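Residues per chain, in single letters:
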Amino acid sequence: MKAVCILGATGSIGQSTLDVLSRHQDQYQLYAVTANTQVDKMAEICRRYSPQVAVMADAESASLLQAQLTDLPHLQVLGGEQALGEVSAAAEVDVVMAAIVGAVGLMPTLSAVRAGKRVLLANKEALVMAGHLFMHEVSKFNAELLPIDSEHNAIFQCLPGNYPSGLKQNGVTKILLTGSGGPFRETPLEQFSSITPEQAIAHPNWSMGPKISVDSATMMNKGLELIEACWLFDVPHYDVDIVLHPQSIIHSMVAYSDGSVLAQMGLPDMRTPIANALGWPDRIVSGVEPLDLVQVSQLNFEQADENRFPCLRLARQAVEQGGTSMAILNAANEIAVQAFLQRDIAFTQIAELIENTMNHVQSRQTDNLQEILQDDRKARTYTQQTILNG
Ligand code: NDP
């Protein structure tokens with residue numbers, strides 16, 4: 001029996017993880033679940049899946065949860081940032097699903113890494129903002145890092161088992177990172193400034209949380225994934241090509257020196273990468289329907305257009321600059337996306353704000369966590385101030 005902790009259990013990835021776990025109750029036991037403020041949803045999860053510990057991000061939400069679950073005497077309810085870190089590093093835990101959205105997921109995910117857990121990484125922002133440090137800690141503490149992002153999980157499946165010895169040495173020439181192009185791949189550019197949050201979060205293929213849905217619409221998601229791929233597979237950004245593939249059936253590919261290109265395919269359902277990482281190296285049932293290629297019938301590919309999606313260019317710029325540029329890019333994006341979702345800014349202002357913040361907040365080459373967090377805060381404050389100033 002493996003004990004699992006889900007950071008971000010109330011979210012889209014959290015729910016898919018609970019679904020996969022419920023199919024394997026003989027192999028996995030749910031030890032802990034965490035959430036931010038969705039108390040009712042958390043109470044429902046606790047009743048249905050019987051974890052031993054439930055953590056809310058703040059004390060007030062924790063006491064509201066406790067009050068709803070007085071009839072579950074064996075459940076321990078905790079609250080606060082420190083508790084999030086403690087539960088992901090708890091001795092009882094074998095596997096941590098890191099599925100909190102945004103930079104706030106960095107500390108509890110790092111805690112799991114430093115406790116040498118098997119870490120299933122959905123929280124790409126953690127790796128984007130502190131990739132060098134993060135990967136260093138993975139190796140120092142012997143953690144097992146498995147990618148959940150469908151693209152990175154696909155790349156992981158297409159790479160040879162000893163890829164950490166070097167991609168070139170293993171004959172890898174390119175990583176082909178696929179993306180659907182989101183809901184606005186063909187929308188006339190003059191309509192971009194009037195795109196609403198409802199339109200932006202309606203992804204054609206995937207059902208996801210609001211932040212990553214907007215990131216997919218601006219294609220910042222692909223930009224963040226480019227950075228994520230560079231850290232996870234130790235590959236320079238110019239060896240990662242972004243390819244648009246509107247059907248989202250191929251989840252990414254690896255090209256080899258003999259001309260072979262290996263692709264991983266499947267229906268767009270996050271339960272596949274979750275089951276893959278949970279069971280690895282074994283294959284376990286995910287609940288996803290088999291892929292019927294005759295029904296899909298066509299797989300199309302297009303070049304990604306950086307004029308249409310300037311966030312792609314900004315992400316490449318950040319990874320080229322290195323250091324805290326990536327934390328600055330990520331922080332500015334989080335603030336801009338939140339402002340867009342609150343209807344404070346237009347869709348097109350997301351990229352403008354990020355570029356402006358990248359031009360004004362000085363980045364530095366550092367591996368010091370406090371300095372990374374400082375630059376993250378500076379970028380947030382600067383972006384917020386720019387929004388307030390109109
Ligand atoms: P959701 O918005 O659906 O869920 C986010 C989760 O994080 C919720 O459990 C939420 O709790 C929790 N959370 C939010 N803020 C805080 C906080 N301040 N402190 C503690 N917990 C917090 O996001 P997704 O599941 O869509 O995405 C999660 C991560 O996975 C993201 O990094 C995303 O990029 C990545 N990812 C997602 C994919 C998808 O298909 N959804 C695909 C690939 C990657 P509450 O519900 O209480 O607010």
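See the structure printed just above.
Anyway, here's the lowdown on the structure attached to this text.

About the criteria used
- Residues numbered from 1 in each chain as written.
- Predicted model: local features only at pLDDT ≥ 70, side-chain atom pairs only at ≥ 80, totals over all residues.
- Heavy atoms only, no water.
- Pairing = 2+ DSSP bridges.
- Helix = DSSP H or I, 4+ residues; strand = E, 2+ residues; numbered from the N terminus.
- Contact = heavy atoms within 4.5 Å.
- Axes fitted to C-alpha atoms, helices over the stretch in contact; angles between N-to-C directions.
- Expected span 1.5 Å × (residues − 1).
- Bend = angle between axes of the 7 residues up to and from the residue.
- Buried < 20%, exposed > 50% of the residue type's maximum accessible area, 1.4 Å probe, protein only.
- Core = buried A, V, L, I, M, F, W, Y, C linked by side-chain atoms within 4.5 Å.
- Near = heavy atom within 4 Å.
- Polar contact = N/O pair within 3.5 Å; in protein donor to acceptor, adjacent residues only side chain to side chain.
- Areas by Shrake-Rupley, 256 points an atom, 1.4 Å probe, with all protein chains shown as cover.
- Nonpolar A, V, L, I, M, F, W, Y, C, P; charged D, E, K, R; others polar.
- 1 Å grid on protein atoms, 1.4 Å probe; cavity = no way out; pocket = protein on both sides within 12 Å on 5 of 7 lines; lining within 4 Å.
- Points joined across faces, edges and corners; volume = space filled by probe spheres on them.
- Phe/Tyr/Trp six-rings, centres within 6.5 Å; stacked < 30°, edge-to-face > 60°.
- Disulfide = S-S within 2.5 Å.

1. A closer look at the sheet that holds strand E9 (residues 240-244)
In any sheet, the strands associate via hydrogen bonds between backbone groups, in a parallel or an antiparallel arrangement.
Point 1. The strand order E11-E10-E8-E9-E12 describes an open sheet built from five strands, whose pairing is mixed. Where the open sheet ends on each side, the last strands, each with one partner, are strand E11 (261-265) and strand E12 (302-303).
Point 2. Relative to E11, strand E10 (residues 250-256) runs antiparallel, the two being bridged by five bridges. Directly across from Met-253, in E11, lies its bridge partner Ala-263.
Point 3. With respect to the sheet, helix H7 (residues 150-158) is in contact with strand E8 (172-179), E10 and E11, its orientation differing from that of E10 by roughly 40°.

2. Notes on helix H6 (residues 124-140)
Point 1. Between its terminal C-alpha atoms H6 stretches only 20 Å, short of the 24 Å expected from 17 residues at 1.5 Å a residue.
Point 2. Along H6, the sharpest change in direction is near 105° and occurs at Ala-130.
Point 3. Burial of H6 is extensive: 12 of the 17 residues sit out of reach of the surface.
Point 4. Listed as buried for H6 are Lys-124, Glu-125, Ala-126, Leu-127, Val-128, Met-129, Ala-130, Gly-131, Leu-133, Phe-134, Glu-137 and Val-138.
Point 5. Immediately downstream of H6, the backbone of Asn-142 shows phi near 55°, a positive value.

3. Remarks on the nonpolar core
Point 1. In terms of nonpolar packing, the biggest core is built from 129 residues, with Phe-134, Phe-233 and Leu-329 touching the most fellow members.
Point 2. For this core, the element with the most residues is helix H14 (residues 325-341), which contributes 10 residues.
Point 3. Those residues within four positions of Phe-134 in sequence are excluded, and the remaining contacts are Leu-106, Thr-109, Leu-110, Val-113, Leu-121, Ala-126, Leu-127 and Leu-145.

4. Quick word on the environment of Leu-30
Point 1. By the element assignment, Leu-30 lies in strand E2 (residues 28-35).
Point 2. Note on Leu-30: relative accessible area 10%, which makes it buried.
Point 3. Here Leu-30 is in contact with Val-4, Ile-6, Leu-18, Leu-21, Tyr-49, Ser-50, Pro-51 and Gln-52, once residues within four sequence places are set aside.

5. Side note on unusual backbone geometry
Point 1. Cis peptide bonds are those with omega within 30 degrees of zero, and the linkage from Trp-280 to Pro-281 qualifies with 5°.
Point 2. Within the secondary structure layout, Pro-281 lies in the loop between helix H11 (271-279) and helix H12 (293-296).
Point 3. With a phi close to 70°, Met-219 is a non-glycine residue in the positive phi region.

6. Observations regarding the sheet that holds strand E1 (residues 2-7)
Point 1. Ordered by their spatial adjacency, seven strands build an open sheet running E4-E3-E2-E1-E5-E6-E7, and the pairing between neighbours is parallel. Of all the strands in the sheet, just strand E4 (76-79) and strand E7 (144-147) have a single pairing partner and so form its edges. Geometrically, the sheet is characterised by an average inter-axis angle of 20° between neighbouring strands, direction not taken into account.
Point 2. Relative to E7, strand E6 (residues 118-121) runs parallel, the two sharing four bridges. Of the residues in E7, the one forming a bridge with Leu-120 is Leu-146.
Point 3. The sheet strands contacting helix H2 (residues 39-49) are E2 and strand E3 (53-56), and the helix crosses E2 at an angle near 170°.

7. Quick notes on the site of the ligand
Point 1. Within the structure, the ligand sits among 26 residues, and Thr-10, Asn-36, Thr-37, Gln-38 and Glu-125 are positioned closest to it.
Point 2. One of the backbone N or O atoms of Gly-11 is found 3.2 Å from an oxygen atom in the ligand.
Point 3. Considering the ligand on its own, with 900 Å² of exposed area, one finds that the protein chains cover 88% of that surface.
Point 4. Its residues placed into classes, the shell around the ligand shows 14 nonpolar, nine polar and three charged.

8. What about empty space enclosed by the protein?
Point 1. Scanning all chains against the criterion turns up one cavity of 30 Å³ or more.
Point 2. Ser-150, Asn-153, Gln-157, Trp-206, His-251, Gln-264, Leu-267, Asp-269, Thr-272 and Pro-273 together form the lining of the largest cavity.
Point 3. Take the lining of the largest cavity: its biggest share by element is three residues, from H7.

9. A closer look at the pairing of E9
Along a regular strand, successive side chains alternate from one face of the sheet to the other.
Point 1. Counted residue by residue, E9 has four buried out of five residues, so it is predominantly covered.
Point 2. Strand direction decides the pairing type here: E8 and E9, joined by five bridges, are parallel. Following the sheet pairing, Leu-177 is matched in E9 by Ile-242.
Point 3. Here E9 pairs with E12 via two bridges, running antiparallel. Paired with Val-243 across the two strands is Gln-303, which belongs to E12.

10. Let's talk about the layout of surface pockets
Point 1. If you add up the space inside the second largest pocket, you get close to 580 Å³.
Point 2. In this structure, the second largest pocket is lined by 25 residues; those nearest its centre are Met-135, Leu-145, Tyr-163, Pro-164 and Leu-232.
Point 3. Breaking the lining of the second largest pocket down by element, the ones donating at least two residues are H6, E7, H7 and helix H10 (220-233).
Point 4. Of the residues contributing to the lining of the second largest pocket, the split by class is 18 nonpolar, five polar and two charged.

11. Quick look at the packing of aromatic side chains
Point 1. In this structure the tally under the stated criterion is eight aromatic pairs.
Point 2. The interplanar angle of 90° and the centroid separation of 6.2 Å between the aromatic rings of Phe-156 and Tyr-163 together place this pair among those described as edge-to-face.
Point 3. Exposure remark for Phe-156: the relative accessible area of 12% places this residue in the buried category.

12. Some words on the state of the cysteines
Here, the word disulfide means a covalent bond between the sulfur atoms of two cysteines.
Point 1. Per the stated rule, a full pass over the model turns up zero disulfides.
Point 2. No disulfide involves Cys-158; its sulfur sits 17 Å from that of Cys-230, the nearest cysteine.
Point 3. Note on Cys-158: relative accessible area 6%, which makes it buried.
Point 4. Unpaired in this structure, Cys-311 has its nearest cysteine sulfur neighbour in Cys-230, at a distance of 17 Å.

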